[in-house]
Amino acid sequence: MTYDPLIPPLGDVGAVMPITPRPPIVFIEGHGSWLRDRDGKDYLDFIQGWAVNTLGHCPPAVVAAVTEQAAKLINCAPSFFNEPMIRLATLIAGASGLDQVFFANSGAEANEGAIKLARKWGQKYRDGAYEIITLDHGFHGRTLATMSASGKSQWDGLFEPRVCGFPKAEINDIASVERVITGKTAAVMLEPIQGEAGVIVAESDFLKDLRALTRQRGILLILDEVQTGIGRTGKMFAFQHEDIRPDIMTLAKGLGGGVPIAALVAEQSVCCFDYGDQGGTFNGNPLVTAVGCAIMEEVARPGFLEGVAKSGAYLEKRLIALSEKHHGLGVRGKGLLLALDLGRDLGNEVVAEALRRGLLLNAPRPHLLRFMPALTVTGEEIDRMIGILDGILEAFPSY
Ligand SMILES: *Cc1c(COP(=O)(O)O)cnc(C)c1O
């Protein structure tokens, strides 16, 4: 994101560690698809905390869950059961067809847990196998192991030495996976849609072939549904578009509707942690698991997912028309996780101009815009976003 030199500088922000180029604005409140900064300017939010605010900003269901649970019990040690923890684990198991849930605080931590579980399983049941095949351009988080599991070439050479044991294959190329399976392989891990890479969809046949291949070779299939889970693609989980089920799945982003919670979900036969292998102080605390329950219940409400699919189809239709009008290279994605290929490296300029015009967009790649609005986004809000974006693209004369 580039700065607008015309906006006056903030006060001293020096105590906030600069890990990303933050624009000189400060958000103070949000409702639904709208955010307001401290100067009173409103922004239409098509980022939503990076596909996190499932129901938009400060939805009544989340506010109620936070306040009610905060008044009752915020935290007891993770070495005890609490009511929302049990309820949320049951909801996730029921919705996914998997059996057991370990709660964590971020997507990276859930994935780290999935890696540990697969390695433990390999040690116990597959002769010490520990390798986890992951995909080029994949993104699994920013801990050392999940960075190594990711396939981001921008990270090459960073924080060496890498964690070993993550041979790479190509998305939508089953032969590339087959080639790297050895006696050391414990699992294959991937995103059903590579979000950070630019909304690259794993094709239906590839996922089905991968499920068949992993079963045939007796290794695990791990789906990182951190971005695609909890209704984002129009199903509760993206794998439900196919006739498959992973052995392990991870969730985070949308699960908390804005509060930090993640989950490692697994088939009974894979759940082989011994006491002490896995844990975490804040994990499964009642405050965030109560919010997770509220989110799961809203998304599971009759008609909700159909609504997401409908909004997604409408957004896609409008984006395709925009792409055609402005000579873009089309639209990809599923449900309300979509990307517009601009066909030129205009992404950062468009994002900066959109910010000036009161619209939050994201460009995960220089030529690409990603759209991840609240699942409750309205047709009017989509129209409004398209109107602003159309105006911006008009303003690039050579586009
Ligand atoms: C965001 C993301 C992560 C990392 O989640 P954090 O909560 O940022 O640690 C992992 N995998 C995928 C697919 C993601 O989109």
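Computed from a predicted model, the values in this text were never measured in an experiment.

Caption draft 1: Here's a closer look at the environment of Thr143. Here Thr143 lies in the loop between β5 (131-135) and α5 (144-149). A residue is classified by how much of its surface remains accessible, and Thr143, at 27% relative accessible area, is partly exposed. In this structure Thr143 touches Ala108 and Glu112, once residues within four positions along its chain are discounted. Side chain to side chain, Thr143 and Glu112 meet in a polar contact 2.5 Å long.

Caption draft 2: The sheet that holds strand β13 (residues 331-334), seen in detail. Strand order in this open sheet of four strands is β13-β14-β17-β16, and the pairing throughout is antiparallel. Two strands lie at the open edges of the sheet, namely β13 and β16 (362-365), each paired on one side alone. Strand-to-strand twist in this sheet, taken as the mean axis angle between neighbours without regard to direction, amounts to 30 degrees. As judged from the four bridges shared by strand β14 (residues 337-341) and strand β17 (residues 368-371), these two strands associate in the antiparallel manner. Pairing of Asp341 across the sheet is with Leu368, part of β17. Helix α10 (residues 347-356) contacts β16 and β17 of the sheet and is inclined by roughly 165 degrees relative to β16.

Caption draft 3: Up close: the sheet that holds strand β4 (residues 100-104). Reading across the sheet, the seven strands line up as β4-β12-β11-β10-β7-β5-β6 and stay open at both edges, with mixed pairing between neighbours. A strand with exactly one partner marks an edge of an open sheet, and here the two such strands are β4 and β6 (168-169). By the bridge criterion, five bridges tie β4 to strand β12 (residues 262-266) in an arrangement that is antiparallel. Note on β12: the bridge partner recorded for Ala104 is Ala262. Lying on the sheet, helix α3 (residues 83-96) is in contact with β4, β11 (248-251) and β12; it crosses β4 at an angle near 125 degrees.

Caption draft 4: Structural context of the site of the ligand. Looking at the ligand, the residues that line it are Ser106, Gly107, Ala108, Asn111, Phe139, His140, Gly141, Glu191, Asp224, Val226, Gln227 and Lys253. Between the ligand and Ala108, the relevant distance is 2.8 Å, taken from an oxygen atom to a main-chain nitrogen or oxygen of the residue. In this structure, an oxygen atom belonging to the ligand sits 2.6 Å away from a side-chain N or O atom of Lys253. For the ligand, whose free accessible area comes to 380 Å², the fraction covered by protein is 82%. The dominant element in the shell around the ligand, judged by the number of residues it contributes, is helix α4 (residues 107-125), at three residues.

Caption draft 5: Focus on the side chain of Asn82. Looking at the secondary structure, you find Asn82 in the loop between α2 (60-70) and α3. A distance of 2.9 Å separates the side chain of Asn82 from the backbone nitrogen of Met85, its partner in a polar contact. Polar side-chain contacts of Asn82 include one of 2.8 Å to the backbone oxygen of Gly284. If near-sequence neighbours (up to four positions away) are discounted, Asn82 is found in contact with Cys76, Gly284, Asn285, Pro286 and Thr289.

So, how was this worked out
- Residues numbered from 1 in each chain as written.
- Predicted model: local features only at pLDDT ≥ 70, side-chain atom pairs only at ≥ 80, totals over all residues.
- Heavy atoms only, no water.
- Helix = DSSP H or I, 4+ residues; strand = E, 2+ residues; numbered from the N terminus.
- Buried < 20%, exposed > 50% of the residue type's maximum accessible area, 1.4 Å probe, protein only.
- Contact = heavy atoms within 4.5 Å.
- Polar contact = N/O pair within 3.5 Å; in protein donor to acceptor, adjacent residues only side chain to side chain.
- Pairing = 2+ DSSP bridges.
- Axes fitted to C-alpha atoms, helices over the stretch in contact; angles between N-to-C directions.
- Near = heavy atom within 4 Å.
- Areas by Shrake-Rupley, 256 points an atom, 1.4 Å probe, with all protein chains shown as cover.

Keep in mind that these numbers describe shape and distance, not what the molecule does.
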